[in-house]
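Results of the structural survey
This is what each chain is made of:
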Amino acid sequence: MTTTAFTAAGAIAAPIQIRTICCIGAGYVGGPTMAVIADRCPDIQVLVVDLSVERIASWNDSDLTRLPVYEPGLDGVVARCRGRNLHFSTEVDAAIAAADMVFIAVNTPTKTRGIGAGQASDLRWVEACARQVARSAQGHTIVVEKSTLPVRTAEAVKAILDAAQGPQANSTPPRTFSVLSNPEFLAEGTAISDLEAPDRVLIGGEDPAAIAALAQVYGQWVNPEKILRTNLWSSELSKLTANAFLAQRISSINSIASLCEATEADVEEVARAIGADSRIGSKFLKAGPGFGGSCFQKDILNLVYLCRHFGLSEVADYWESVVTLNRWQQHRIAALVVQKLFGTVIGKRIAILGFAFKADTNDTRESPAISICLDLLEEGAKLAIHDPKVDPAQIARDLGQPSAADAWIPCDDVTEALDGADAAVILTEWQAYRELDWDVMAPLMRHPAWIFDGRGMMDFMALTSTNLHLWRVGCSNA
Ligand code: NAD
Ligand code: UGA
């Protein structure tokens, strides 16, 4: 694959050849994104590297059910490409040296200490990557920021790379770098379809040849009209802004859900009515237990931090309220469970249906289930937790305690979780929960028994022949 490069004076320079891509970070973004690039660009060798020996071993596992990331369709893509032009390894330096283009797809969590703790992004992993690329790259290397980063991070990446530019001791060509921003917009659970048919691909940068080279990679399967080009800073900021707008819609509808519960309006009906307005649109209007996932909260807090840094305290307060409302919604649901169960849950068995932050993923990062379970444990409840994809060891890490009969236990199936329970709290919208036969389930529970539908997926009609009480988020029929 070649792309013609233009010099500053406009003369045509040698085309940039993308034969080998290295991706640093084999996580939820790096793994699926590179698998799809390898699938759609059979002429490019794609090397995905990570420091984690365990994670790389899982990516190389012959049993495709043991890939470290669960995503519908991912196993098929990996099966087609792995060993052909998709390779997973811990040999980071060698992969960088071999690559024409290096993606940085490492984690950028919220800082936990020092300046900006609790809000700013911790960029230590991104910086380590930039330094490693500076050390190991050969010839001209296009460095692509795939991680979500605070606006103007490319400045730091460029400064590190600039310090390493120039002739090398041996006769190899001098080292040069171009930095691009290419944020990822995939959502977990739909990662493969999002990558295969993205709404848009965003490329920010200053070097037209590097931009063209990356656009050509995506152009193998993405309509060129969907490949947007901006300056570096707009690209970095667009990613934070997209997540902030999406999360804001969820906090907005959750705020209205609580008002619906108080006024006999139904949030499903309100969402349908407002979503029919094409200026509002119908997506991302589902009331629930609050947004989870590794990014919405972290990215908004990062935006808040940036706004405060630039003296925009009103703007910072505005966006921070999206996170505040989200936390409130999670505590509100836990408190409501306690209140409906006669004001106490001490010693009561409560079935938690769903622990992942959304359906079709095994990811629990910032899952609302964590906060809601912790509140219920604090109130003395005994939790029986079921999730079709989440490893109980992960639940133990998230709750900060191993399973124990008087606190929480993992359950392999829903009937086990419901056995003797005073309530079931639905926190993840797994399809299997929609299909439960409550006529069969109800007798397993201790009555009077409740279903707390935090995902608005239960139909009151489905319970008419049972003696179960139903609370549904955003609905006052309970
Ligand atoms: P992740 O934690 O799943 O994966 C990151 C990986 O990078 C880890 O496996 C870690 O071991 C590895 N790593 C860290 N430093 C390294 C180094 N120096 N060398 C080699 N490997 C290193 O994170 P993720 O969910 O894939 O997110 C990555 C970035 O993408 C974040 O900035 C995130 O905000 C952004 N993002 C995530 C999603 C998502 O759905 N998860 C979507 C869009 C954007
Ligand atoms: C989100 C964005 O949708 C992606 O575009 C972005 O790339 C990604 O964050 C990221 O940067 O990490 P993701 O968090 O994987 O993707 O999943 P979403 O579908 O956005 O759901 C996030 C949370 O919001 C989930 O807890 C989900 O249950 C909740 N949600 C979503 C609602 O409560 N209501 C809705 O209507 C939609």
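Predicted, not measured: the structure shown is a model, and the values here were computed from it. (Residues numbered from 1 in each chain as written. Chains lettered and ligands numbered in written order. Predicted model: local features only at pLDDT ≥ 70, side-chain atom pairs only at ≥ 80, totals over all residues. Heavy atoms only, no water.)

1. Topic: the overall build of the protein chain
A count of helices and strands for the protein chain gives 17 helices and 16 strands. In terms of overall dimensions, the protein chain has C-alpha extents of about 80 × 50 × 45 Å along its principal axes. Looking at the 478 residues of the protein chain, the share that counts as buried comes to 53%. Accessible surface for the protein chain amounts to roughly 20,700 Å². Of this, 53% is attributable to carbon and sulfur atoms. In the protein chain, the 41 positive side-chain charges and the 56 negative ones have mean positions that sit 4 Å from each other. (Helix = DSSP H or I, 4+ residues; strand = E, 2+ residues; numbered from the N terminus. Buried < 20%, exposed > 50% of the residue type's maximum accessible area, 1.4 Å probe, protein only. Areas by Shrake-Rupley, 256 points an atom, 1.4 Å probe, with all protein chains shown as cover. Lys, Arg positive; Asp, Glu negative; His and termini not counted. Charge placed at Lys NZ, Arg CZ, Asp CG, Glu CD.)

2. Some details on the pairing of strand β12 (residues 382-386)
Taken residue by residue, a regular strand's side chains alternate between the two faces of the sheet. When you tally the buried positions in β12, you get four out of five residues, the bulk of the element. Taken together, strand β11 (residues 349-353), helix α13 (residues 368-378) and β12 form a β-α-β motif whose crossover is right-handed. Examined bridge by bridge, β12 and strand β13 (residues 408-410) share three bridges and lie parallel to one another. Note on β13: the bridge partner recorded for isoleucine 385 is proline 410. Taking the sense of rotation as the criterion, the β-α-β connection linking β12, helix α14 (residues 392-399) and β13 turns out right-handed. (Right-handed = clockwise from strand over helix to strand, strands pointing away. Pairing = 2+ DSSP bridges.)

3. Considering the nonpolar core
Within the largest apolar cluster, 65 residues are counted, with the highest numbers of intra-cluster contacts made by Ile350, Leu353, Leu383 and Trp438. The biggest single contributor to this core is α13, with six residues. With sequence-adjacent residues up to four places away left out, leucine 383 is seen in contact with Ile350, Ile352, Cys373, Leu376, Leu377, Ala407, Trp408 and Ile409. By size, the runner-up hydrophobic cluster in this structure holds 48 residues, among which are Val36, Val144, Ile211 and Ala213. (Core = buried A, V, L, I, M, F, W, Y, C linked by side-chain atoms within 4.5 Å. Contact = heavy atoms within 4.5 Å.)

4. A few points about the site of ligand 1
What surrounds ligand 1 is a group of 24 residues, the closest being Val29, Asp50, Arg55, Thr108 and Lys298. Within the backbone of valine 29, one N or O atom sits 2.9 Å away from an oxygen atom of ligand 1. Within the side chain of aspartate 50, a nitrogen or oxygen atom sits 2.6 Å from an oxygen atom of ligand 1. Its residues placed into classes, the shell around ligand 1 shows ten nonpolar, seven polar and seven charged. (Near = heavy atom within 4 Å. Polar contact = N/O pair within 3.5 Å; in protein donor to acceptor, adjacent residues only side chain to side chain. Nonpolar A, V, L, I, M, F, W, Y, C, P; charged D, E, K, R; others polar.)

5. Regarding the site of ligand 2
Taken together, 19 residues are adjacent to ligand 2, and Phe185, Leu186, Glu188, Cys295 and Arg455 come closest. Between glutamate 188 and ligand 2, the recorded distance is 2.7 Å, taken from a backbone N or O atom to an oxygen atom. Take leucine 285: an N or O atom from its main chain is 3.4 Å from an oxygen atom of ligand 2. Starting from 700 Å² of accessible surface for ligand 2 in isolation, the protein chains cover 89%. Ranked by the residues each element gives to the shell around ligand 2, the list is headed by helix α9 (residues 232-263), at four residues. In terms of residue class, the shell around ligand 2 is made up of eleven nonpolar, two polar and six charged.

6. Looking at the pattern of salt bridges
Charged atoms that come close allow side chains of opposite charge to pair. Under the defined criterion, the tally for this structure stands at 20 salt bridges. Residue aspartate 122 is joined to arginine 124 by a salt bridge in which the shortest nitrogen-to-oxygen separation is 2.8 Å. Residue classification places aspartate 122 among the buried positions, given a relative accessible area of 10%. Where lysine 298 meets aspartate 299, a salt bridge forms, and the shortest distance between an N and an O atom there is 2.9 Å. Take lysine 298 and aspartate 299: they sit in the same class, and that class is buried. (Salt bridge = Lys/Arg side-chain N within 4 Å of Asp/Glu carboxyl O.)

Remember that the coordinates give geometry; whether it matters functionally is a separate question.
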